Amino acid sequence: MLRQIILYFQTDSDRWLTMLTDHLLVSAVSLVIAGAIAIPTGVLCSRYRSLKKIFEAIFGTLRIIPSLAILLLMLPVMGTGFWPAVTALVLLAIQPVLINKIAGLDSLPDFILETAGGIVMESCQLWFRVRLPLALPMILSGMKTSAVEIIASAALAAKIGAGGVGELIFTGIGLFQTDLLLIGGGSVAILSLLTGVLFGGMGRVLLRYENR
């Protein structure tokens, strides 16, 4: 088995790098779009409580649906390829960021907000200099969760023609080749672990004030 894996990288490493690049691209684009939607939505939900239950219900329901089912539902609507996969992954990834964003803003102590208001901070200043920085740990936690889930689910995106290392997994299943399954599954696992490490490092850099 090890010999087959080594032989694959000796003969098809370029193909593997292409699939890895496609996987990272669809994952990164999905995460950026999910964050761009979820973070402002979380701010709205924290200000207008009636919106909170609506958005939590919508994205909570989408989260219950299996990843492959959402990807396949995109077929009759958008066809196959990169953007249908991104759309499906965004729908899956919004909920963790949104929930953590709301939780981060809701957990801010009242005395901090009252103190900030007491030094005559305008509403915009209060958000960007107090609320958002203090909610940042929860936001990063939500982004980390979403990123790992996107990378794992992006393996299924190969089923609708979006490329990625998921192609190795499906090919391995179809041809009963364990070496391809191990390479594809191992690549996804390593990417997920590295993503967790990356967000952990970002947290230590951005949240240095917590360690002072």
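Here's what I pulled together on the structure shown here. (Residues numbered from 1 in each chain as written. Predicted model: local features only at pLDDT ≥ 70, side-chain atom pairs only at ≥ 80, totals over all residues. Heavy atoms only, no water.)

Side note on the nonpolar core
(1) Moving on: One finds Ala-85 and Ile-94 to be the most contacted residues of the largest nonpolar core, which totals 32 residues.
(2) Moving on: Elements that contribute at least two residues to this core include exactly α1 (2-47), α2 (49-64), α3 (67-78), α4 (82-106) and α6 (123-154).
(3) Moving on: The dominant element in this core, judged by the number of residues it contributes, is α4, at eleven residues.
(4) Moving on: Aside from chain neighbours lying at most four places away, what touches Ile-94 is Ala-34, Ile-37, Ala-38 and Phe-59.
(5) Moving on: Grouped together as the second largest cluster of nonpolar side chains are 13 residues, Tyr-8, Leu-20, Val-188 and Leu-191 included. (Core = buried A, V, L, I, M, F, W, Y, C linked by side-chain atoms within 4.5 Å. Buried < 20%, exposed > 50% of the residue type's maximum accessible area, 1.4 Å probe, protein only. Helix = DSSP H or I, 4+ residues; strand = E, 2+ residues; numbered from the N terminus. Contact = heavy atoms within 4.5 Å.)

Details of the packing of aromatic side chains
(1) Moving on: Enumeration according to the criterion identifies three aromatic pairs in this entry.
(2) Moving on: Pairing Phe-82 with Trp-83 gives two aromatic rings, centres 5.0 Å apart and planes at 90°, and the pair type is edge-to-face. (Phe/Tyr/Trp six-rings, centres within 6.5 Å; stacked < 30°, edge-to-face > 60°.)

Some points on the side chain of Asp-179
(1) Moving on: Position of Asp-179 among the secondary structure elements: in helix α8 (residues 178-206).
(2) Moving on: Arg-3 provides the closest opposite charge to the buried, salt-bridge-free Asp-179, at an N-O distance of 12 Å.
(3) Moving on: Non-local contacts of Asp-179, meaning those with residues more than four positions away in its chain, are made with Met-1, Gln-4 and Ile-5. (Lys, Arg positive; Asp, Glu negative; His and termini not counted. Salt bridge = Lys/Arg side-chain N within 4 Å of Asp/Glu carboxyl O.)

A word on a nonpolar patch on the surface
(1) Moving on: Together, Ile-33, Ile-37, Val-77, Met-78 and Trp-83 give the surface a local cluster of nonpolar side chains, amounting to about 470 Å² of exposed area.
(2) Moving on: For the nonpolar patch, the elements supplying multiple residues, two or more each, are α1 and α3.
(3) Moving on: One can find Ile-33 in helix α1.
(4) Moving on: According to the relative accessible area criterion, Ile-33 is partly exposed, its value standing at 31%. (Patch = residues over 30% accessible without salt bridge, like charges linked within 9 Å, V, L, I, M, F, W, Y side chains within 5 Å. Areas by Shrake-Rupley, 256 points an atom, 1.4 Å probe, with all protein chains shown as cover.)

Considerations on α3
(1) Moving on: The end-to-end C-alpha separation of α3 is 16 Å, in line with the 16 Å expected for twelve residues at 1.5 Å each.
(2) Moving on: Those residues of α3 not exposed but buried are Ser-67, Ile-70, Leu-71 and Met-74. The buried side chains of α3 occupy one side of the element, clustering within an arc of 100° when seen end-on. Exposed side of α3, more than 90 degrees from the buried face: Leu-73 and Pro-76 are the residues found there.
(3) Moving on: The first or second residue beyond α3 is Gly-79, which carries a positive phi of 80°. (Expected span 1.5 Å × (residues − 1). Arc of directions from axis to C-beta.)

Re the environment of Leu-72
(1) Moving on: On the secondary structure map, Leu-72 appears in helix α3.
(2) Moving on: In sequence terms Leu-72 and Lys-159 are 87 residues apart; their C-alpha atoms lie 8.3 Å from each other.

Notes on the pattern of salt bridges
(1) Moving on: A full pass over the atoms with the stated rule returns one salt bridge.
(2) Moving on: Its salt-bridge partner being Arg-15, residue Glu-167 comes within 2.4 Å of it at the nearest N-O pair. A residue pair is termed long-range when its members are at least 10 positions apart, and Glu-167 in helix α7 (residues 166-175) and Arg-15 in helix α1 qualify at 152 residues.
(3) Moving on: Take Glu-167: its relative accessible area is 25%, and that puts it in the partly exposed class.
(4) Moving on: A relative accessible area of 39% places Arg-15 in the partly exposed class.

Brief notes about the packing of α7 against α8
(1) Moving on: In contact at an axis separation of 7 Å, α7 and α8 are set at 155° when each is read in the N-to-C sense. For the element pair α7 / α8, the angle class is roughly antiparallel. Handedness of the α7/α8 crossing: left-handed. Counted together, Leu-168, Ile-169, Thr-171, Gly-172 and Ile-173 of α7 and Leu-180, Leu-181, Ile-183, Gly-184, Gly-185 and Val-188 of α8 form the full contact between these two elements. (Axes fitted to C-alpha atoms, helices over the stretch in contact; angles between N-to-C directions. Parallel < 35°, antiparallel > 145°, perpendicular 65-115°, else oblique. Left-handed = near helix turned anticlockwise from the far one by under 90°.)

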